Structure formats: C-alpha cells, structure tokens
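A look at the structure
The primary structure of each chain is shown beneath.
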Amino acid sequence: MDCGILSGDHLKSASDLGLPFVAVGLLYKNGYFHQKINGYGIQETEYTNIDIRDLPIIPVKDENGEELIIYVRFPKKKIYLKVWQINVGRVKLYLLDSDIEQNSEDYRQVTLRLYGGDRETRIQQEIILGMAGVHLLQILGLKPTLYHMNEGHSSFVTVELIKDIIAEKKVSFDMAKDIVSAKTVFTTHTPVPAGNDIFDINLVEKYFKNFWPRLNLSREEFLRLGMNPKKELEPGFNMGILALKIAGKKNGVSKLHGAVSRELFSEVWPNILPAESPITHVTNGIHTCFWLAPSLKELYNKYLMPYWQENIFDENVWKKVNSIPNDKLWEVHKERKQKLIKIVQENISNRLRRSGIGAIEINEIVSGLNDNDLIIGFARRFATYKRANLIFKDLERITKILNDAKRPVKIIFAGKAHPADKEGQDLIKNIHEISMMPQFKGKVFVLEDYNIAVARHLISGVDVWLNNPRRPMEASGTSGQKAAVNGVINFSILDGWWAEGYNQKNGWAIGKSTNYESYEVQDMEDSQSIYNILENKIIPAYYNIGKNGLSEEWLTLMKNSIISTGGKFSTSRMLVDYTDKLYMPLCNLSKKYYNSLEEVASFNEWKENLYLNWNKIEISQQENIEELSIDAGSKMTVSCTVKLPNINVEDIEVETYLGKILDNGTIEKIGIIPMKLESSKEEERIYNFITEIEFKDGGNYGYTYRVMPKNKMILDAENLNLIKWITK
Ligand SMILES: *Cc1c(COP(=O)(O)O)cnc(C)c1O
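Quick look at the structure, then.

Quick notes on the rules
- Residues numbered from 1 in each chain as written.
- Predicted model: local features only at pLDDT ≥ 70, side-chain atom pairs only at ≥ 80, totals over all residues.
- Heavy atoms only, no water.
- Buried < 20%, exposed > 50% of the residue type's maximum accessible area, 1.4 Å probe, protein only.
- Helix = DSSP H or I, 4+ residues; strand = E, 2+ residues; numbered from the N terminus.
- Pairing = 2+ DSSP bridges.
- Axes fitted to C-alpha atoms, helices over the stretch in contact; angles between N-to-C directions.
- Expected span 1.5 Å × (residues − 1).
- Contact = heavy atoms within 4.5 Å.
- 1 Å grid on protein atoms, 1.4 Å probe; cavity = no way out; pocket = protein on both sides within 12 Å on 5 of 7 lines; lining within 4 Å.
- Points joined across faces, edges and corners; volume = space filled by probe spheres on them.
- Nonpolar A, V, L, I, M, F, W, Y, C, P; charged D, E, K, R; others polar.
- Near = heavy atom within 4 Å.
- Polar contact = N/O pair within 3.5 Å; in protein donor to acceptor, adjacent residues only side chain to side chain.
- Areas by Shrake-Rupley, 256 points an atom, 1.4 Å probe, with all protein chains shown as cover.
- Phe/Tyr/Trp six-rings, centres within 6.5 Å; stacked < 30°, edge-to-face > 60°.
- Salt bridge = Lys/Arg side-chain N within 4 Å of Asp/Glu carboxyl O.

Our focus in this paragraph is the pairing of strand 5 (residues 69-73). Only one face of strand 5 is buried: it carries I70 and V72, and the other face, with I69, Y71 and R73, is open. Taken together, the five bridges between strand 5 and strand 6 (residues 78-88) define a ladder with antiparallel strand orientation. Considered in strand 6, the bridge of I69 is made with K82. The hairpin turn running from strand 5 into strand 6, its antiparallel successor, is four residues long.

Have a look at this one:
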C-alpha cells in the first residue's frame, strides 16, 4: 500500500520533470480491501472488485489493433496476460492482468490480489512482474537504458535480462551478468531481512528448472544467486539478495536506512566491512503539490514566487513562506481542521452506530472535537514496529494530559493492519478499547478505512503529526512529509526521513538517536520523552495565545516546518538525487563500455585474473606504529610497500584507513585516504605508496593500509568483494 503511493508520487514527478520513464506493475483488480472496525475493535476486511470502467485505464493494442496479450511460461502451461495502460501525466504505467478468458480458472486468480495468495501465487506474481515485464517492454519496442527495481519483488528482471543477452549476443553468463549490472538499479525499502520474499527451493526449482540451462548455469549456481554467501545451506531463495548481487547500483530510502541496509545485507559481500557495503541512499520524498491542500496551494500562489509549483526543489521558493501573514495562514489551517472534524465525526458516527451504540452517546463522543483544541494525528499501517499505542504506555499520565479542561488535547488514529498481521490488528483493538474508556471518550478517536482520501484530510487538518516507530525500523516514512508541507508539525522519533528533516526549529524529536539495550527500555524512554515534550513544549506553545487570538510561537513552527521540508522532501528532489547519484553514473558507464563486447570480455578476463591472484598481494610498512597521539592541525606522511603478484599496479588502489581511538577503546572511522605511487622496483614487483594525513582534531589515532581493485568499468569497487588488508 505504502509503496503504491510512493511509486505513484515517483511517476508523477518523473512526468513533471520530463524524464523518459515507463513503469510496469500488476493490475490487482481485487487488490485493495476496505477496513471496518467492529464494536469489539476487531478489523474486518472487505475485498471489493475495482470496476475497471471507473479507472482512467485503457487496454494496449497490438499492431493489428487487437488487444495485446502476452504470455509467460509456467511449468505446466503458459499464462496469458492482458496489458493495460494508465497515463500518469506523460509517463506510461503498464499493468499486467491474468484475469482473462484465455486462462484457466486458477491462472485467472494470479494477479487478482496483492495479499492473501499462497507462496506459489506470490512467486507466480513475481515471475510475471519481472519476466513478463521485461518481455512486454521488448514487444512495445522500448529499449530501456536502465531498469529500476523497487524492492525484491521485481528481482527476476535481472535473470530475464541475462537470458536475453545470452541468447542475443552468444556470451557467457558472467559477461551477460556484467552487462545487466551496468543497467540495473535496486532500491530496498525495508529495514528487516523478512521484508524480502524468500522462496522455498522446491518452488524455485519447479519454476526455474527449465530456465537455468538457458543461463548456462547449473542448479546450484542458479540457486546461489539468491543465497547469502555465508549461509548457503540455509534453504530459501532471497529476492533481495538476487537484486543486490546483480544490480550495479543499490540504495536505501533515507540516510539512516542506507546505513542500516549496509549492515543488514553485509553478508552479501563477506570480505567488505559492513559499513562499506555498496549500498548508498536516496531519501524518499512526496509529490508536494499532490499532497498540498487546495486552500493552502491558493495561499502559496499568492505569496510565493510565480511558477513556484514548477520549482519545488528551489530553496528560494520556500523562504517566501515567511511573508504569509500569520492570521491568513491560521485561517486556512482552521478551515482544514473544521473539514477534518466533520469527516471524523461522520466516520466515527457510522462506525459506532453499526456496533449498536445509541445516538446520544455517539453525539457525546463526536462533539468532543473542537477546532480550537490541539489535535494530534497518528495514521499509517498498523505494523507493530510503528508502536501505535506507545502514547498509552502510562495511562495515568496520558489521562492527565488529555483531561486538562483549560488546554484540551485530542488524538485521532487511523490505519489498516495487514490481513495476516494478528499483532497489528490487536493494536487497533487495543486503541479502540482505550478510546471507549470513560476518561478517553471524546478525546481519542479511531477512524476506519484509512485511504488516500482520508489521509489528505488528516495530514492537513491536525496540528501535530505523531510518529513513534521503533528506531531504526522506519525506512523512511512519508506521511510526516505530507503533514509538514501543510503546516502540520512533526513530533517524531529521529528515524527514517525525520533524522534528516528535524532541525530543532521545525518540530520535536522523540527519544534519542542511539540504540537501546532492550525493547522495554526503548519503549519506556521514548514514551517518557513523548509525555515530557507534550507537557513542556507542545501544549504550552499551542496555547501561548496572544491578544490577537494567535499563537505566534506556533505559527513560527508551522512556517519553519513548511520551509524546511517543501523542497527537500519532495519527489522532485528525490528524482534529482536518483538521476545524479544512480541513473546518470550508470547510464554513462553502460554507454561508454558495456555496448562493446570486447570491453566486457576483457573486463571479465581481468576480473578472473584478479580473483586468482588477489590473495598473493602482500602489504608491508616501514614504521611500526600502532597508535599515535596527535595535536590538532598537524600533518603526517605515511607510506607502505605493496608486493604485487600477477596484477598490474594500475589495477589497484592503495588506501590508508584512518581511525580515531576513543576513550572507551572503540575506534571511530575517520576516513579513507587514497595513496600515491612514489617509487617502484618493477622487476621485483615492489611498489611504494605514500600519502599525507591531515589531522583536524587532536587525540589518539590508529591507521592501517589496504588494497582495493580499480578499473574504469566499475563504479563501486566493493561490488567485487575483494579487499586486502595489511597483515602482520
Ligand atoms: C502516505 C501514506 C502512507 C504511508 O505513510 P508512512 O508514514 O510512510 O507509513 C500510508 N497510507 C496512506 C493512505 C498514505 O497516504
């Protein structure tokens, strides 16, 4: 669900920026469930067929004007797929649909639903997405320069592309794989290993045993593509690992999530330090104008520079927010609150009426909402790591906060739990029960059927957006970004995007940016932090109302929130990042070298030689200093000697790895300094390298030397999983 919204924003922005994109997905006709919450707080799911006639969707036609039907081979027989098209601005989104009469009844079900199918349905869906997806682009005559795989579900793209290159160019698997690496980007969106599908070997065998011969691979070689090199005995084919092993560029979706992913997947490159796994990050964003409330957009039209909507990612656009008069901004915000209150009242009344609660009681509850009150919103998937009920950890304390008649505070919750996630559903039940306790009636509200329409009102109609995931489990989070550009202030754990977005003037940070010793301690400290900040900062700031009826303090926070996020956390910025950091470097590399089979062949030979000889590299140092005490500002020249086997000196990079020794004895990485070749004894294959280290701070330092591979045909040397450290 979240990914669907994020990719929608991604495509809208690609269209705005005129980037040549096409997208492929599955048509989940029966895909999205409606949520009902019954009188016991139990989530009931209702799947309804979307009526295709209601969607701006058209069947793609072939050259004869017939509806385009493609197929992919499953073990028993072919599965046929109808191709649909949606235009997202200038970007075409193709959706594959197996629910057509050419298929038998069981095959018609395959693409019907996102959730709910068994493992076999899941692998069938992923074969369709990855393999039929690549096939479709060929049929349409498109020749993508790059393929961007979002999450492991689409990883079969890699093997399908490799198969095609082997067939077309008659090259080895290794050469085809290198060519595919140079045109694939993989984005991981999850901070947990279980976020990627892992398929039973039996299932992979069933669907791929006729396929791996076409890659010139044995069974074991093929299966190893989806396996952790350190745990090859573990059963299961991991779609995330497949993509990580083959994609030329890989990223997480926030700075912190990049670091978490490097550690999480470090075993894919067993020789590389976990912190240096070749996974970078691009922080997620939102399509700002899509999520901006219309009335705010009007206000921005008046006070921001002309054409600001076309220049979302321009700092100067957002600074002008300061020129909006406070009373005008508050007036618009208050209208948003009133609209939201109406929607909440309707939603809650319907729900409670259904569960048999009388009109008088319902009225008592919903009339608790008032547009003068401080309203806090919490809405997202009810996954356990999001800790929806954390604010109720100390019931006594939150009772006191919510029952201050002079400074009323209300909380609105919304969100669906995954139909198979019992714990997530229990959270909804728990919060529902709390909302019906006498001291919380009319103060805590649980909305049902959270969707984009409800989200639009929530993210622009509350005052504070609460997010308290268990750090560092929130890969990015985007709802807080939606809230921020609408002048709703974030109150969040320093996790995901907020670890980058928080600047001490644009909202509040819950807890600390560290790891806790246990979940219990983390929950305790984070909840205490929530209460303290609410009591001492948020509530006083909101109710710091002046003679003009406004809290200038609050309006300053609102403006800071808009200014600091409007551009920086937009999909415009995100796409510029993807283009600069991932798409362009890969495109350039691919165009320059990977169209030439000779280049690819010699690169492969080069790699083979490197793997054969790498362990024979010897590094030694003249001086033997383990630890240095250094004054700030001093400089030092260091050198080492490398004895190379049958490897050219141009094919390696020699580096000084510098660390600071902290008081507690741990070593903090300071930097990696490339070294220069100073002299050599060619006939003995001995080379001296040298560099100068500049120490900005004083303290105790340690350093060591290492050798990495170097070649014009690689972007990230770590991908080769080769590194040689000095050994004593
Ligand atoms: C934005 C959005 C989400 C994602 O919210 P997160 O904070 O990223 O978890 C989920 N559902 C809907 C309807 C949304 O609009």
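What follows deals with the sheet that holds strand 25 (residues 676-681). Spatially, 20-22-26-25 is the arrangement adopted by the four strands of the open sheet, whose pairing is antiparallel. Either end of the sheet is taken by a strand with one partner, and the two such strands are strand 20 (618-620) and strand 25. Between one strand and the next, the sheet's axes are offset by a mean angle of 25 degrees, whatever the strand orientation. Across nine bridges, strand 22 (residues 635-643) lies against strand 26 (residues 686-694) in antiparallel orientation. Residue pairing in the sheet places K635 in a bridge with E694 of strand 26.

We now examine helix 23 (residues 597-613). Taking 1.5 Å of rise per residue, 17 residues should cover 24 Å, and helix 23 covers 24 Å from first to last C-alpha, within 8% of that figure. The inward-facing, buried residues of helix 23 contact helix 5 (173-181), helix 22 (571-594) and strand 27 (699-709).

Here the focus is empty space enclosed by the protein. Tallying each qualifying case throughout the model produces three cavities of 30 Å³ or more. When its volume is computed, the largest cavity comes out at roughly 40 Å³. Forming the boundary of the largest cavity are I348, R351, L352, I365, S435, M436, V444, F445 and V446. At the level of elements, helix 13 (326-354) and strand 16 (444-447) are the ones that each hand at least two residues to the lining of the largest cavity. Of the residues belonging to the lining of the largest cavity, the class tally is seven nonpolar, one polar and one charged.

On to the site of the ligand. Around the ligand lies a shell of 13 residues, among which W291, K386, T478, S479 and K482 are the nearest. Take S479: an N or O atom from its side chain is 2.4 Å from an oxygen atom of the ligand. For the ligand, an oxygen atom lies 2.6 Å from a polar atom in the side chain of K482. For the ligand, the protein covers 97% of the area, taking 390 Å² as the surface of the free molecule. Taken together, the elements giving at least two residues each to the shell around the ligand come down to helix 1 (2-17), helix 17 (452-461) and helix 18 (479-485). Across the shell around the ligand, the residue classes break down as five nonpolar, four polar and four charged.

This part takes up the sheet that holds strand 8 (residues 147-150). Taken in spatial order, the four strands of this open sheet run 8-9-12-13, and their pairing is parallel. This sheet does not close on itself; its edge strands, each paired only once, are strand 8 and strand 13 (280-281). In this sheet, strand 9 (residues 184-187) lies alongside strand 8 in parallel orientation, the contact comprising four bridges. Bridge pairing in strand 9 places M149 opposite F186.

Among the eleven residues of strand 27, eight are classified as buried, and the element is accordingly described as predominantly covered. As defined by bridge partners, strand 21 (residues 628-630) adjoins strand 27 across three bridges and the pair is classed as antiparallel. Bridging across to strand 27, S629 finds its partner in N700. Pairing of strand 23 (residues 652-661) with strand 27 involves ten bridges; the strand directions are antiparallel. For G659, the partnering residue across the bridge sits in strand 27 and is G702. Taken together, the two bridges between strand 27 and strand 28 (residues 724-725) define a ladder with antiparallel strand orientation.

This next bit is on the packing of aromatic side chains. Taken as a whole and judged by the stated rule, the model has 33 aromatic pairs. Ring centres of F74 and Y207 lie 5.4 Å apart, and the angle between their planes is 90 degrees; this geometry places the pair in the edge-to-face category. In this pair, F74 sits in the loop between strand 5 and strand 6 while Y207 sits in helix 6 (residues 201-208), placing the two residues 133 residues apart along the sequence. There is no split in this pair, since F74 and Y207 are both buried. Taking 4.8 Å as the distance between ring centres and 70 degrees as the angle between the ring planes, the aromatic pair formed by W497 and F569 counts as edge-to-face. Taken together, the residues span a long stretch of sequence, with W497 in the loop between strand 18 (489-493) and helix 19 (498-501) and F569 in the loop between helix 21 (552-565) and helix 22 at a distance of 72 residues. Both residues of the pair, W497 and F569, belong to the buried class. An aromatic cluster of three or more residues is present, and its members are F156, F208, F211, W212, F222 and F237.

Its volume calculated, the second largest pocket comes out at about 1100 Å³. For the second largest pocket, the lining is made up of 37 residues, of which D174, K177, K245, Y611 and N719 are closest to its centre. Per-class residue counts for the lining of the second largest pocket are 20 nonpolar, six polar and eleven charged.

A rise of 1.5 Å per residue sets the reference length of helix 21, with its 14 residues, at 20 Å; its end C-alpha atoms lie 20 Å apart and thus fit the reference within 8%. Counting buried residues along helix 21, ten of its 14 residues qualify, which places the element largely inside the surrounding structure. Along helix 21, the residues classified as buried are W554, L555, L557, M558, K559, N560, S561, I562, S564 and T565.

Moving on, we come to the side chain of S570. Along the chain, S570 turns up in the loop between helix 21 and helix 22. You can call S570 buried: its relative accessible area is 0%. Look past the residues within four positions of S570 in its chain and what remains in contact with it is G285, I286, T288, I312 and T565.

A few words now on the environment of K177. Along the chain, K177 turns up in helix 5. What makes K177 partly exposed here is its relative accessible area of 22%. Separated by 15 residues in the primary sequence, K177 and I162 have C-alpha atoms spaced 5.8 Å apart. When near neighbours in sequence (up to four residues on either side) are disregarded, K177 contacts I162, K245 and I246.

The next point concerns the pattern of salt bridges. Under the definition given, this model contains 37 salt bridges. A salt bridge links E433 to K429; the shortest N-O distance between them is 3.0 Å. Of the two residues, E433 and K429 both sit in helix 16 (residues 422-435), four residues apart, roughly one turn of that helix. What you see here is one network of salt bridges that share partners, running through K29, D97, D99 and R108.

Right, let's get into unusual backbone geometry. Across the chain, the bulk of peptide bonds are trans and the bulk of non-glycine residues have phi less than zero. The amide bond that connects R471 to the next residue, P472, takes the cis arrangement and shows omega of 0 degrees. When you line up the elements, P472 lands in the loop between strand 17 (464-467) and helix 18. One non-glycine residue, D449, lies in the positive phi region at around 60 degrees. Relative to the elements of secondary structure, D449 occurs in the loop between strand 16 and helix 17. Residue classification places D449 among the buried residues on the basis of a relative accessible area of 16%.

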